[in-house]
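# Survey of secondary and tertiary structure
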Amino acid sequence: MDLREESMVLHEKYNGKIETRAKVTLENDHDLAIAYTPGVAQPCLAIKADPDRSFDLTCRGNMVAICTDGTRVLGLGNIGARAAMPVMEGKAALFRRFGAVDAVPVCIDEPDKDKFIAIVKSLQANYAGINLEDIQSPKCYDIEDELKKELEIPVFHDDQHGTAIACVSAVMGALRLVKKDIRTAKIVLNGGGAAGTAIGRLLVDCGAENLTVMLHHGTLCEGHDNNGRPLDRVQEALSKVTNREKRLGSLADIVKGADVLLGVSAAGAFTQEMIRSMAPDAVVFAMANPVPEISYADAKAAGARVAGTGRSDTPNQVNNVNVFPGVFRGAIDVRAREINEAMKVAAVRAIAELIPEEELREDYVVPNAFDKRVAPAVAAAVARAAVETGVARAPKDPEVVLRETYLRVNGVPMD
């Protein structure tokens, strides 16, 4: 069987990938009386008196909703809320395995942006955080921005920010190996959708000063007509802080002499000739899935010092699994009101600096998803940034977050 056939067998065998289980014993009348009526009235009254007690007295305190409308699922496009469920279930399983975070799919059969926002807003009382997933752009920007304004819990569009954190941490890890500075490195980013614009913004937040973004019709450039193609508001804002030399041309033109080439675009978009035209010690991350812009083997053969893709069968996988479990773990551990830019940058640095200098190799600049240190390090860094930026409602020592997360995720204490 190939992977697709195996996946069908697994989903049919288990009727999906997640289930709910009671944390408490229900074996006799006394158990029933304190878990349910009449004893349950007491926590109800405590929450009525202080709504924040819901984080302590119910599953809400460790629960994230994975919300989608199914309009842009993986590479499958607009397949609808029901067909999106397997992906959201998988995401919930990853939250549990890698972050000890409870998560549930919330597939909302509502394509209207404003109605979708209203539905998610009405669900706030059930969750400690909202993970937005697989929503088409530019609608996804408006949904996230509005929910961040309206809700008092973290809202995080993983397709944007999880991908951005994973990518930028990989870039910084690679730059550590090749001894180049992100502030002076010439970086070319191919793709200006939800993931690409988020990567661009985060690169700038992390210090990149020489970044050029390529759209499918040409270079993103402030004041340029972009070949008659209108920019969305996020692309417009990004154009003001990138391509400062206002260079125009094709990808093959722009990539010449570049230190870093990133792809969140389409299969086969990069050629070996492009890679050969880059600066010495070039870094290439081709992240289109399932088929990258250029294969790992071809990028290396063309002279890239460091290469990576989004695939698990080649080195240096750029994987959101390194990001969202730890980000939410840290945010909900300190009851953060939001996940802000400082928390994202903290997550980038935690991942990028996890591999000791002496262990960095061309095929190992990105920690493996199963590295036991990743989620605890990210959680601690995010918690620290939340406290320092004043968005933590229940501040906590980051060292405690680190050790507690390690124990919850790995089942053993840190050494």
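Above this text you will find the structure in question.
## Remarks on helix H16 (residues 374–388)
The terminal C-alpha atoms of H16 lie 21 Å apart, and with 15 residues this matches the ideal 21 Å at 1.5 Å per residue to within 8%. For H16, the tally of buried residues reaches twelve of 15 residues, placing the bulk of the element in the interior. Taken together, the buried positions of H16 are Val 374, Ala 375, Pro 376, Ala 377, Val 378, Ala 379, Ala 380, Ala 381, Val 382, Ala 383, Ala 385 and Ala 386. Elements in contact with the buried residues of H16: helix H5 (81–99), helix H14 (324–333), helix H15 (341–352) and helix H17 (398–410). Just beyond H16, the residue with positive phi is Gly 390, at close to 80 degrees.

## Topic: the sheet that holds strand S9 (residues 283–286)
Pairing is mixed in the open sheet, where six strands are placed in the order S7-S6-S5-S8-S9-S10. In this open sheet, the two strands that pair with only one neighbour each are strand S7 (218–219) and strand S10 (306–309). Note: strand S6 (residues 211–215) against S7, two bridges, orientation antiparallel. Along S7, the bridge assignment pairs Met 214 with Thr 219. Across the sheet, helix H9 (residues 194–205) lies against strand S5 (187–190), S6 and strand S8 (260–263), angled at about 160 degrees from S5, the strand it touches most.

## Focus on the packing of H14 against H16
Relative to each other, H14 and H16 sit at 40 degrees, their axes nearing to 7 Å. For the element pair H14 / H16, the angle class is oblique. Handedness of the crossing formed by H14 with H16: right-handed. Residues Gly 326, Val 327, Arg 329, Gly 330 and Ala 331 of H14 touch H16, and the partners they reach there are Ala 375, Val 378, Ala 379, Val 382 and Ala 383. Residues of the contact of H14 with H16, tallied by class, amount to seven nonpolar, two polar and one charged.

## Focus: the sheet that holds strand S2 (residues 102–107)
One open sheet holds the four strands; their spatial order is S2-S1-S3-S4, and the pairing between them is parallel. In the strand order of this sheet, the two ends are held by S2 and strand S4 (155–157), each with one partner. Across the sheet, the axes of successive neighbouring strands diverge by a mean angle of 25 degrees, strand direction being ignored. Sheet topology note: the strand S3 (residues 129–132)/S4 ladder contains three bridges and is parallel. The residue of S4 that forms the bridge with Asn 131 is Phe 156. Docked against the sheet, H5 engages strand S1 (63–68), S2 and S3, running at close to 170 degrees with respect to S2.

Cut-offs used in this document
- Per chain, residues are indexed from 1 in the order of the written sequence.
- In keeping with the predicted nature of the model, local features appear solely for residues at pLDDT of at least 70, side-chain atom pairs appear and are counted solely at 80 or more, and the whole-chain, interface and lining totals rest on all residues.
- Excluded from the side-chain calculation are hydrogens and water; included are all heavy atoms of the structure.
- Secondary structure follows DSSP: runs of H or I at least 4 residues long count as helices, runs of E at least 2 residues long count as strands, and numbering of each begins at the N terminus.
- Multiplying one less than the number of residues by 1.5 Å gives the expected span of a helix.
- We call a residue buried when its accessible area falls under 20% of the maximum for its residue type, exposed when it is over 50%, and partly exposed in between, using a 1.4 Å probe and counting protein chains only.
- Whether two residues are in contact is decided by their heavy atoms, any of which lying within 4.5 Å being enough.
- Here, any two strands with at least 2 DSSP bridges between them count as paired.
- Under this scheme, a helix contributes an axis fitted over its contacting stretch, all axes are lines through C-alpha atoms, and angles between N-to-C directions fall in the 0 to 180 degree range.
- Angle categories: roughly parallel below 35 degrees, roughly antiparallel above 145, roughly perpendicular from 65 to 115, and oblique for all the rest.
- Helix crossings fall into two classes, left-handed where the near helix is turned counterclockwise from the far one by less than a right angle and right-handed where it is turned clockwise.
- Throughout, the ten residues Ala, Val, Leu, Ile, Met, Phe, Trp, Tyr, Cys and Pro are labelled nonpolar, Asp, Glu, Lys and Arg are labelled charged, and all others, Gly among them, are labelled polar.

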